[in-house]
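Breakdown of the fold
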Amino acid sequence: MSYQLVWFKRDLRSEDHAALVEATKLGPIRCIYVLEPTLWLQPDVALQHFEFIRESLQDLDGQLRLLGGEIEIHEGEVTEVLSKIWQETPFQGLYSHQETGNRFTYARDQDVGKWCQSHGIHWGEYAQFGVVRGLKNRNEWQACWQRHMEAPMCELPLVQFWKTPLSNKPVTNPSAHFVTPAAMQAPAHLRHNPPLRQRGGRSVALKTLNSFLKQRSMWYRGGISSPLSAPDACSRLSVFISYGCLSIREVVQATNEELLQMPPEASRRKSGLVAFISRLYWHCHFIQKLESEPEIEWENMHRGYDGLREHEFNVDHFNALKDGRTGWPMVDACVVMLRETGWLNFRMRAMLVSVAAYPLWLHWKPVGDWLATQFLDYEPGIHWSQMQMQSGTTGINVTRVYNPIKQAQDHDQKGFFVRKWLPHMRQIPNTWIFEPWNMTQDVQNHLGIYIGKEIPQPIVDIATATKTSKDRLHSRRNLSEVRAGKKSVINKHASRKKGAERKNSKVKSKDTSSQLTLEF
Ligand SMILES: Cc1cc2nc3c(=O)[nH]c(=O)nc-3n(C[C@H](O)[C@H](O)[C@H](O)COP(=O)(O)OP(=O)(O)OC[C@H]3O[C@@H](n4cnc5c(N)ncnc54)[C@H](O)[C@@H]3O)c2cc1C
């Protein structure tokens, strides 16, 4: 029987799935997910991503079984898998969502395009975010985003599968060349699966969306900056959007519906949801940068900053950061929380990168590869744009440096956060909670806790090291050729959203808990 092949990637749902719908309109379909060995060798992947995908595929399999089909998991490089399937039972067309991924997936998609061409196969690719492929002019982008989010959700017609699964339950058929999600084997080299990470699948995603829209959005404004309140106050939807368990359009539309239904007295929740929607806009705005310029994953967005940090990489600084032993309690506690949960709020992510980029003077690429493995919600477009923005290499953003001592004073005044994640800080009295290295020898003797032993000595003097780094960055920025290069970055990447531009570089980001004034 002839059929259309639907290739699931980072779109692990059956609702509002343009590729699935368009393929279904043409006749019987077959659904596959490809476990690509080379993808799992990239520096930005971790076991947590694999396990999250497995959980999401199990859920997707359940959704497809209700419709009479299943998801087949094939192992191999995508063009090899397509060739094998094609040789066994040729298909008419290939259907998938567009992906703005890393360097590997970009090249892989080019190979798939060539494979389809050489086999005379139509490849239907559909946008799943408000990201525009082949965008000619950034001025038009905002209207495109709006159109995408306002379009009706894709309705699935009656589905016919190319074959009925052998059983109602997922079982791996030994004669078939595919396995079920439960039988997926993680590559042995993969490491890092935080015990407290979020679990995958659409059912969990919908529960998370619902609890945010109905309750937790109450704390969004004012609650998202502190790492103590953020785990509940933030939506926690990023990973479900990144792996497509939810479509971003359905999140935007559900939020707008909730806003319409809200009684006037729910003003707190209302302002929370309005702030949240603006984040969903930023989601696509940042991904558009990588879509328009894939090189920002490995090259400075503004090439005038080339050579600034690359040749001075201090491995000891990097290891101290990764081990959570920089000596700055707020930084070390964030590293531990991230390691245990796979998640951090925006402000603390920005602080980690800022500490890496300024006082530790580390180039963003290795730091970004490490953080990509730590963030369960790793989304290349947001990640690499943010890495560069917080490191000062975009050339268009105000230098924003987060002092970890001040961040602790502002967002963890009583030290609950650092004591939660750093056991050795539990005995430190409030007086020294922000700067424990100032404890006198007598105090250390009294507590039986020593700086340089249980508590690391800060690896550099933060004030001096930060000043030196800022001076170096600014002297580069002031070069006439660097100033001249700024315009083309603005033309290509800057947001045209009103209010996005900061009025002047001296405007401090006070609490900015709403973070509505994100820089472009
Ligand atoms: C260095 C760095 C790396 C980051 N890497 C990622 C990443 O790989 N994946 C990712 O989804 N987010 C990333 N972010 C953005 C942000 O920190 C996370 O989206 C957010 O913390 C996720 O939690 P949430 O879903 O509860 O966010 P909420 O505050 O509830 O936000 C709602 C949604 O808006 C989007 N969003 C929020 N903040 C931003 C932002 N600043 N830029 C773009 N989109 C945003 C996300 O899709 C998020 O799910 C990064 C930020 C920094 C500073």
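Numbering of residues starts from 1 in each chain and follows the order in which that chain's sequence is written. Only residues with pLDDT of at least 70 are given local features in this predicted model, and only at 80 or more are side-chain atom pairs given and counted; all residues enter the totals for whole chains, interfaces and linings. As a convention, hydrogens and water are excluded, and side-chain values are obtained from all of the structure's heavy atoms.

1. Examining the sheet that holds strand β1 (residues 4-8)
One open sheet holds the five strands; their spatial order is β3-β2-β1-β4-β5, and the pairing between them is parallel. Two strands bound the open sheet, and with one partner strand each, they are β3 (71-75) and β5 (122-126). When strand polarity is set aside, the average angle formed by the axes of neighbouring strands in this sheet is 30 degrees. Strand pairing is assigned whenever DSSP detects at least two bridges linking the two strands. We count a stretch as a helix when DSSP gives it H or I for four or more residues in a row; a strand needs E for two or more, and each element gets its number in order from the N terminus. Here five bridges tie strand β4 (residues 93-97) to β5, and the two strands are oriented parallel to one another. Bridge assignment links Gly 93 to a residue of β5, and that residue is His 122. Pairs of residues are marked as contacts when any of their non-hydrogen atoms sit within 4.5 Å. Where helices are involved, their axes are fitted lines through C-alpha atoms of the stretch in contact, as for all axes, and angles between N-to-C directions lie from 0 to 180°. Set on the sheet, helix α3 (residues 78-88) makes contact with β1, β2 (29-35), β3 and β4; between it and β2 the angle comes to about 145 degrees. The sheet strands contacting helix α4 (residues 103-118) are β1, β4 and β5, and the helix crosses β5 at an angle near 145 degrees.

2. A word on the domain arrangement of the protein
An automatic or database domain assignment supplies the start and end points of every domain. With domains assigned, the protein is organised as domain 1 (4-157), domain 2 (202-292) and domain 3 (296-493). The centre of domain 2, based on its C-alpha atoms, is set 26 Å off from the matching centre of domain 3. Contact with domain 2, which involves 20 residues of that partner, is made by 25 residues of domain 3. Approximately 2,000 Å² of surface area, both sides summed, lies buried where domain 2 meets domain 3, with 67% of it carried by carbon and sulfur atoms. The term polar contact refers here to a pair of N or O atoms within 3.5 Å; inside protein, the definition further demands a hydrogen-donor-capable atom paired with an acceptor-capable atom, and it admits residues adjacent in sequence only when both atoms are side-chain atoms. Summed over the shared surface of domain 2 and domain 3, the result is seven residue pairs in polar contact (both at pLDDT 80 or more). Among the secondary structure elements, those contributing two or more residues to the side of domain 2 that touches domain 3 are α8 (230-233), α9 (238-242) and α11 (267-292). Per-class residue counts for the side of domain 2 that touches domain 3 are eleven nonpolar, seven polar and two charged. When two parts are put together, the accessible area they lose, computed with a 1.4 Å probe and summed over both, is reported as buried area. Gly is placed with the polar residues, together with every amino acid not listed as nonpolar (Ala, Val, Leu, Ile, Met, Phe, Trp, Tyr, Cys and Pro) or charged (Asp, Glu, Lys and Arg).

3. Concerning the packing of helix α6 (residues 202-214) against α11
Contact geometry of α6 with α11 gives a least axis separation of 9 Å together with a crossing angle of 130 degrees. The angle between α6 and α11 places the two elements in the oblique class. Within the contact between the two elements, α6 uses Phe 212, Leu 213 and Lys 214 and α11 uses Arg 269, Leu 273 and Phe 276. For the contact of α6 with α11, the per-class residue count stands at four nonpolar, no polar and two charged. Each angle is binned into one of four classes, with values under 35 degrees roughly parallel, values over 145 roughly antiparallel, values of 65 to 115 roughly perpendicular, and all other values oblique.

4. Quick word on the UniProt feature "binding site: FAD" (unreviewed entry) in the protein
UniProt positions are given in the numbering used here, feature names are shortened, and annotations may be inferred rather than shown by experiment. Sequence positions flagged by UniProt for "binding site: FAD" (unreviewed entry) are, in local numbering, Tyr 220 and Phe 276. Over a stretch of 57 residues, the named residues converge on one spot in the fold, their C-alpha atoms separated by at most 7.9 Å. As for its placement among the helices and strands, Tyr 220 is situated in helix α7 (residues 220-223). Look at Tyr 220 and you get buried, because its relative accessible area is 4%. Other than its neighbours up to four places away in sequence, Tyr 220 contacts Phe 212, Ala 233, Cys 234, Ser 235, Gly 272, Ala 275, Phe 276 and Arg 279. Beyond its immediate stretch of four places on either side in the chain, Phe 276 contacts Phe 212, Tyr 220, Ser 235, Leu 237, Val 251 and Thr 255. The buried label goes to any residue with under 20% of its type's maximum accessible area, the exposed label to any with over 50%, and the partly exposed label to all in between, with areas taken from a 1.4 Å probe on protein chains only.

5. Observations concerning the site of the ligand
Taken together, the neighbourhood of the ligand is formed by 28 residues, with Tyr 220, Ser 235, Arg 236, Ser 238 and Glu 379 sitting nearest. At 3.4 Å from an oxygen atom of the ligand is found a main-chain nitrogen or oxygen belonging to Leu 344. Isolated, the ligand exposes 810 Å² of accessible area, and the fraction of that covered by the protein chains is 99%. When residues of the shell around the ligand are traced back to their parent elements, those giving at least two are α11, α14 (346-357) and α16 (380-391). Here the shell around the ligand gets six residues from one element, more than from any other, and that element is α11. The residue makeup of the shell around the ligand, split by class, is 17 nonpolar, six polar and five charged. Residue proximity to a molecule or strand is established when one non-hydrogen atom of the residue lies within 4 Å of it. Exposure was quantified through the Shrake-Rupley algorithm and a 1.4 Å probe, taking into account, for residues, occlusion by the shown protein chains and nothing else.

6. As for the state of the cysteines
Two cysteine sulfur atoms form a disulfide, by the criterion used here, when they sit within 2.5 Å. Within the structure shown, the criterion is met by zero disulfides. No disulfide involves Cys 31; its sulfur sits 15 Å from the nearest other cysteine sulfur, which is in Cys 154. The thiol of Cys 234 is unpaired, and the distance to the nearest cysteine sulfur, on Cys 334, comes to 13 Å. Residue classification places Cys 234 among the buried residues on the basis of a relative accessible area of 11%.

7. Thoughts on the UniProt feature "domain: Photolyase/cryptochrome alpha/beta" (unreviewed entry) in the protein
UniProt marks residues 2-131 with the feature "domain: Photolyase/cryptochrome alpha/beta" (unreviewed entry), using the numbering shown here. The annotated region residues 2-131 carries 42% helix and 21% strand content, and the separation between its end C-alpha atoms amounts to 32 Å.

8. Section: the environment of Ala 143
Among the structural elements, Ala 143 can be located in helix α5 (residues 141-150). For Ala 143, a relative accessible area of 43% gives the class partly exposed. Counting along the chain gives 103 residues from Ala 143 to Trp 40, while the straight-line C-alpha distance between them is 36 Å.

9. Some remarks on the pattern of salt bridges
When the charged atoms of two side chains lie near each other, side chains of opposite charge can form a pair. In what follows, salt bridge is the name for a side-chain nitrogen of Lys or Arg lying within 4 Å of a carboxyl oxygen of Asp or Glu. Here the structure, examined in full by the defined rule, presents 27 salt bridges. Note that Arg 303 is salt-bridged to Glu 299, the shortest N-O span being 3.1 Å. Residue classification places Arg 303 among the partly exposed positions, given a relative accessible area of 46%. Residue class for Glu 299 comes out partly exposed when judged on its relative accessible area of 24%. Where salt bridges share partners, they join Lys 9, Glu 36, Glu 99, Arg 108 and Asp 109 into one cluster.

10. A word on helix α21 (residues 480-493)
Here, expected helix span is obtained from the residue count minus one, scaled by 1.5 Å. With 14 residues, α21 extends 21 Å from end C-alpha to end C-alpha; this agrees with the ideal 20 Å at 1.5 Å per step. As for α21, its buried residues are in contact with α11 and α20 (462-477).

11. Quick look at the packing of helix α12 (residues 315-322) against helix α15 (residues 364-374)
The interhelical angle for the contact between α12 and α15, taken along N-to-C directions, is 20 degrees, at an axis separation of 12 Å. Classified by the interaxial angle, the pair formed by α12 and α15 is roughly parallel. Here α12 and α15 pass one another in a crossing that is right-handed. Contacts from Phe 318, Leu 321 and Lys 322 of α12 reach α15 at Pro 366, Val 367 and Trp 370. In this scheme the handedness of a crossing depends on how the near helix is turned from the far one: anticlockwise by less than a right angle means left-handed, clockwise means right-handed.

12. Describing α4
In this model α4 runs 23 Å from its N-terminal to its C-terminal C-alpha over 16 residues, within 8% of the 22 Å that 1.5 Å per residue would give. When α4 is considered as a whole, its buried residues turn out to be Phe 104, Thr 105, Arg 108, Asp 109, Val 112, Trp 115 and Cys 116. Down the axis, α4 shows its buried residues gathered within 130 degrees of arc, on one side only. Set apart from the buried face of α4 by more than 90 degrees, the exposed residues are Lys 114, Gln 117 and Ser 118. For α4, the elements touching its buried residues are β1, α3, β4 and β5. Here the arc refers to the directions that run from the helix axis out to each C-beta atom.

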